[in-house]
Amino acid sequence: MAKARTQFVCQNCGTVHSRWAGKCDGCGEWNTIIEEDPMGGIGGGPTRAPKKGRPVALTTLSGEIEDAPRIETGISELDRVTGGGFVRGSALLVGGDPGIGKSTVLMQAAAALARRKHRVIYVSGEEAVAQVRLRAQRLGAADSDVLLAAETNVEDILATLSEGKRPDLVIIDSIQTLWSDTVDSAPGTVTQVRTGVQAMIRFAKQTGTAVVLVGHVTKEGQIAGPRVVEHMVDAVLYFEGDRGHHYRILRTVKNRFGATDEIGVFEMSDKGLREVANPSELFLGERNEKSPGAAVFAGMEGTRPLLVEVQALVAPTSLGTPRRAVVGWDSARLSMILAVLEAHCGVRLGQHDVYLNVAGGYRISEPAADLAVASALVSSLAGLALPADCVYFGEVSLSGAVRPVAHTAQRLKEAEKLGFSQAVLPSASTDLPRSGSGRLSEMESLPDLVARIAG
Ligand code: TYD
Ligand code: MG
């Protein structure tokens, strides 16, 4: 018998090394490499006789695809991010920090589907059946026909699932507790997690069941994170949120059956997660309209417009090097805006501390927020409040020019819906709405904007 070779696998990114090292070359993380058995995993066992497949013509498939519809939960924020519901025969990964609410949202989805007469099995490897029931009670879902199983062994899970009628949806909470008899490594290692996920994906494809896999994002590399299986599944959702705030965002990262960049917004309450149909209202909720340094940014999240308040505080510094602190935005981008203000608009901030905050703990990733940030900064420095009924969006280039951004019409429509009557936007915006009651101020460059605010 050939000598069993071992390999060294990074638990963070899955890179395979031939020898142990303190730092992974793949992702740069420290102490994430552990020894694993490469022959582990389903398929590593005794050889089997090959089975002949039969190719089919692409054109004959059209009917079959329509026959595999989606399973809608009726929780519209969740259906939006999945692209219209769970897809039969597919595997979906839901990742997120521990305690963010993954089990909660999935129990709610399971209960909603069970009420719609779907057969749903919730396999919990983290909590005992009694604990899961307790949570379901708290969510008002204890009366629904969700089937519970507390199982962690992959072979046992597959045997359990093969009992009785074929399920429509199976939830595995979580992939890090899965372990297979065929693998030698400890539960939570890359090999175990991948083997377990592979088996569940195969189950999904063979039976046409929708499988949802839960994965905890791990900071230290001792257990494998959801990233090591992202490439295997059909869709990946991440659950994000700030511990200090109640709202949670479900974000699509990958979706073979729908758009990415979609978000679903929820609010954590004592009775589980509540959908937030109009997130702009949530993020604008506690606005003080009279204070200088606040500008409302008309942003986009996927296909959905979202209004958030950007707050700036500019104050004379008592330190040698002034402070720059940012929450909810890119700090390099703030430095750039400060440099442009200084170089092209004569706004001197070298002797000022600058604090920037995005309200509600929300995180902006769009460059279109440049104009709102610049407005908030200038407003705070000048001590003049911006008009309360005005929204801002546009990208600022290093030359100080204001560049157009996409989805102008949608941003303006959302602003109008929420009672805003003015907008400051790039001058070369293309898809301007024909009608609309709002007043539009088109900006060509940042100095124009500064003159407008301070003037
Ligand atoms: P949970 O779904 O267990 O998180 P995860 O599965 O992602 O680890 O959510 C746990 C947190 O949510 C916990 O801190 C308590 C809170 N929570 C509520 O605030 N309200 C509720 O109704 C429930 C069920 C949980
Ligand atoms: Mg959980």
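How each quantity is defined
- Residues numbered from 1 in each chain as written.
- Chains lettered and ligands numbered in written order.
- Predicted model: local features only at pLDDT ≥ 70, side-chain atom pairs only at ≥ 80, totals over all residues.
- UniProt positions renumbered as here; feature names shortened; annotations may be inferred.
- Helix = DSSP H or I, 4+ residues; strand = E, 2+ residues; numbered from the N terminus.
- Contact = placed C-beta atoms within 7 Å.
- Domains from an automatic or database assignment.
- Near = placed C-beta within 6 Å.
- Nonpolar A, V, L, I, M, F, W, Y, C, P; charged D, E, K, R; others polar.

Under an unreviewed UniProt entry, the protein has the name DNA repair protein RadA and belongs to Sinorhizobium kostiense. According to the UniProt record, the Sequence similarities (unreviewed entry) comment for the protein reads "Belongs to the RecA family. RadA subfamily."

Draft legend 1. The arrangement of unusual backbone geometry in detail. The omega angle of the peptide bond from D173 to S174 is 5°, so this bond is cis rather than trans. In this structure, N31 takes a positive phi of about 55° despite not being glycine. You can see N31 is positioned in the loop between β2 (16-17) and β3 (33-36). A positive phi angle, close to 60°, is found at H407, a residue other than glycine. Mapping H407 onto the fold places it in the loop between β21 (402-403) and α10 (408-417).

Draft legend 2. Highlighting the UniProt feature "binding site: ATP" (unreviewed entry) in the protein. Taking the UniProt record as the reference, the feature "binding site: ATP" (unreviewed entry) is found at G96, D97, P98, G99, I100, G101, K102 and S103. By the secondary structure assignment, G99 is in the loop between β6 (91-96) and α3 (102-115). When you line up the elements, K102 lands in helix α3. Other than its neighbours up to four places away in sequence, K102 contacts V94, G96, V214 and F239.

Draft legend 3. Here's a closer look at the domain arrangement of the protein. What the domain assignment lists for the protein is domain 1 (1-39), domain 2 (71-277) and domain 3 (282-454). On a C-alpha basis, the centroid separation for the pair domain 1 and domain 3 is 47 Å.

Draft legend 4. Representation of the site of ligand 1 in the model. Neighbouring ligand 1 are 15 residues; G101, K102, S103, T104 and G272 lie closest to it. Of all elements in the fold, only α3 and α4 (129-138) reach the threshold of two or more residues within the shell around ligand 1. By residue class, the composition of the shell around ligand 1 is four nonpolar, six polar and five charged.

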